[in-house]
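What follows is the residue order along each chain.
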2 protein chains.
Amino acid sequence: MLNMFFDDFAVGQVFETKVATVSSADILAFANAFDPNPFHLDKAAARCHGFPDIIAPGMHTLSLSLKLFFDLNLWDEAVLPSPGMENVRWHRPVLPDTTMFVRATVSQMLPSRSKPDWGIIKVHQETLDRSSGALLLTVDALHRLKRR
Amino acid sequence: MLNMFFDDFAVGQVFETKVATVSSADILAFANAFDPNPFHLDKAAARCHGFPDIIAPGMHTLSLSLKLFFDLNLWDEAVLPSPGMENVRWHRPVLPDTTMFVRATVSQMLPSRSKPDWGIIKVHQETLDRSSGALLLTVDALHRLKRR
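Read on for an overview of the structure. Just so you know, these numbers come straight off a predicted model, no measurement behind them. (Residues numbered from 1 in each chain as written. Chains lettered and ligands numbered in written order. Predicted model: local features only at pLDDT ≥ 70, side-chain atom pairs only at ≥ 80, totals over all residues.)

A closer look at the relation of the copies chain B and chain A
Rules: Least-squares superposition aligns the copies on the C-alpha atoms of those residues with pLDDT at or above 70 in both. In this description, a residue-residue contact is defined by the distance between C-beta atoms placed from the backbone, which must lie within 7 Å.
Superposition of chain B onto chain A requires a rotation of 180° combined with a translation of 0.0 Å along the rotation axis, giving an RMSD of 0.0 Å. Such a combination of turn and shift is consistent with a two-fold rotation axis. Closest approach to the rotation axis within chain B is made by the C-alpha atom of Glu 86 of chain B, at a distance of 2.7 Å. Taken together, the interface assignments show that 100% of the residues at the interface of chain B recur at the interface of chain A, consistent with an identical surface on both copies.

Structural notes on helix α4 (residues 58-70) of chain B
In an α-helix, one turn spans 3.6 residues; hence positions three or four apart end up facing the same way. Residue and element names in this part refer to chain B. Condition: The secondary structure listing takes helices from DSSP runs of H or I that are at least 4 residues long and strands from runs of E that are at least 2 residues long, numbered from the N terminus. To estimate the expected span of a helix, subtract one from its residue number and multiply by 1.5 Å. Counting other C-beta atoms within 10 Å of its own, a residue is labelled buried from 20 upward, exposed at 12 or fewer, and partly exposed in the gap between, with every C-beta atom placed from the backbone.
Taking 1.5 Å per residue as the helical rise, α4 with its 13 residues ought to reach 18 Å, and the 18 Å between its terminal C-alpha atoms agrees with that figure. With 11 of 13 residues buried, α4 is to be regarded as a mostly interior element. Along α4, the positions that sit buried rather than exposed are Gly 58, Met 59, His 60, Thr 61, Leu 62, Ser 63, Leu 64, Ser 65, Leu 66, Leu 68 and Phe 69.

A look at the environment of Leu 80 of chain A
All names here are of chain A. Within the element layout of this structure, Leu 80 appears in strand β2 (residues 79-80). In the structure, Leu 80 is positioned 39 residues away from Gly 119 in sequence and 9.9 Å away in space, judged by C-alpha atoms. Non-local contacts of Leu 80, meaning those with residues more than four positions away in its chain, are made with Trp 118, Arg 144, Leu 145 and Lys 146.

Some words on the interface of chain B and chain A
Many structure descriptions define interface size as the accessible area lost when the parts assemble. Convention followed: Gly is placed with the polar residues, together with every amino acid not listed as nonpolar (Ala, Val, Leu, Ile, Met, Phe, Trp, Tyr, Cys and Pro) or charged (Asp, Glu, Lys and Arg). Two strands pair if DSSP finds at least two bridges between them.
Counting residues at the interface gives 24 residues for chain B and 24 residues for chain A. Counting only elements with at least two residues in the side of chain B that touches chain A, the list comes to α4 and β3 (84-90) of chain B. Ranked by residue count, the leading element in the side of chain B that touches chain A is α4 of chain B, at 8 residues. For the side of chain B that touches chain A, a count of residues per class yields 14 nonpolar, 6 polar and 4 charged. As judged from the 4 bridges shared by strand β3 (residues 84-90) of chain A and β3 of chain B, these two strands associate in the antiparallel manner. Note on β3 of chain B: the bridge partner recorded for Met 85 of chain A is Val 88 of chain B.

Re the nonpolar core
What counts here: Take the buried Ala, Val, Leu, Ile, Met, Phe, Trp, Tyr and Cys residues, join any whose C-beta atoms are within 7 Å, and the set you get is a nonpolar core.
Residues Leu 62 of chain A together with Leu 62 of chain B are the most contacted members of the largest nonpolar core, which totals 71 residues. For Leu 62 of chain B, the contacting residues outside a window of four places in its chain are Met 59 of chain A together with Val 88, Leu 137 and Val 139 of chain B.

Focus on helix α1 (residues 24-34) of chain B
All names here are of chain B. Formally: The directions from the helix axis to the C-beta atoms are what the arc is built from.
Residues of α1 that are buried include every one of Ile 27, Phe 30, Ala 31 and Phe 34, and no others. Looking straight down α1, one finds its buried side chains confined to an arc of 100°; they lie on one side. Exposed side of α1, more than 90 degrees from the buried face: Ala 25 and Asn 32 are the residues found there.

Concerning the pairing of strand β5 (residues 118-129) of chain B
Residues and elements named next belong to chain B. The pairing of strand β4 (residues 98-111) with β5 spans 11 bridges and is classified as antiparallel. Across the sheet, the residue bridging to Val 106 is Val 123, located in β5. The turn joining β4 and β5, which pair antiparallel and follow one another in sequence, is formed by 6 residues. Looking at chain direction, β5 and strand β6 (residues 135-146) are connected through 11 bridges and run antiparallel. Within the sheet, the bridge partner assigned to Gly 119 lies in β6 and is Leu 145. Hairpin connection, β5 to β6: the antiparallel pair is bridged by 5 residues, and Gly 133 has positive phi, about 80°.

Some points on the environment of His 143 of chain B
Residue and element names in this part refer to chain B. Assignment of secondary structure puts His 143 in strand β6. For His 143, a count of 23 C-beta atoms within 10 Å translates into the label buried. The spacing of His 143 and Ser 131 is 12 residues in sequence and 29 Å in space, taken between C-alpha atoms. Sequence-distant contacts of His 143, that is, excluding residues within four places in its chain, are made with Ser 82, Ile 120, Ile 121 and Val 123.

What to know about the packing of helix α4 (residues 58-70) of chain A against α4 of chain B
Each packed pair of helices is defined by two parameters, the angle between the axes and the distance between the axes. Note the following rule: A fitted line through C-alpha atoms serves as each axis, taken over the contacting stretch for helices, and the angle formed by two N-to-C directions is quoted from 0 to 180°. Roughly parallel refers to an angle under 35 degrees, roughly antiparallel to one over 145, roughly perpendicular to one between 65 and 115, and oblique to any angle outside these ranges.
Interhelical geometry of α4 of chain A versus α4 of chain B gives an angle of 180° and a closest axis separation of 11 Å. Our classification of the angle between α4 of chain A and α4 of chain B gives roughly antiparallel. Within the contact between the two elements, α4 of chain A uses Met 59, Leu 62, Ser 63 and Leu 66 of chain A and α4 of chain B uses Met 59, Leu 62, Ser 63 and Leu 66 of chain B. For the contact of α4 of chain A with α4 of chain B, the per-class residue count stands at 6 nonpolar, 2 polar and no charged.

Shown next, in the form of structure tokens:
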């Protein structure tokens, strides 16, 4: 736990996460709970769409990508609920057994004008396939953090 | 299943979903899998932040809100993987046993310039607390749909 606060971040800082592998069972569980579209659940249906296997729901890849970033344990005391996210883009289908990691770059520092005790950092996340290097997902995540 | 295609949508159409209730157990399961922050997992930690109980991870409320929209079963054959989402905003903390529904308004029709067989609709989703009417979440979701 690095216990970073708003003031410890700066535009241009880059963080790289560990990897995570998404299994067929993980995809099925997420899809059944939140996105029961046939191409997330059924290999035959996925093949009709030209995919070799089921593909992960976009929200699954996004949730996992944010988890990879959170697992860096950059902050502890500083974190407050996030105000939101921008520019979610799913660039490629994510197949079972894909191993991915995230490269996260601080892109904006937004100190609160009305509240001197916190600010928001904008972090541009790229989720990459470890084997091919292909870009799977990008998102600009907003994190609200206390100041020192 | 209404089996709608891109051409069946128009700016201004409004769809209202059924309701869903998020339990403490649901929140704990999602938080453990994707966002193990103390204020999502531990009542005492949530109280330190001024919340009366644990609060749902933003990605949980967002996934559930999209599920409510998908459960309208507006399309079947037409749906293709989504390109992305814009302007995710978490307006209020979501506590256990909150019952929510989604009001979804078609805000933009984007026929593909290069591909005559599909287009993208932008849908502005508002997730509302059924008891209080309070706005919990907004998102502009992009859905790629085949044309008739």
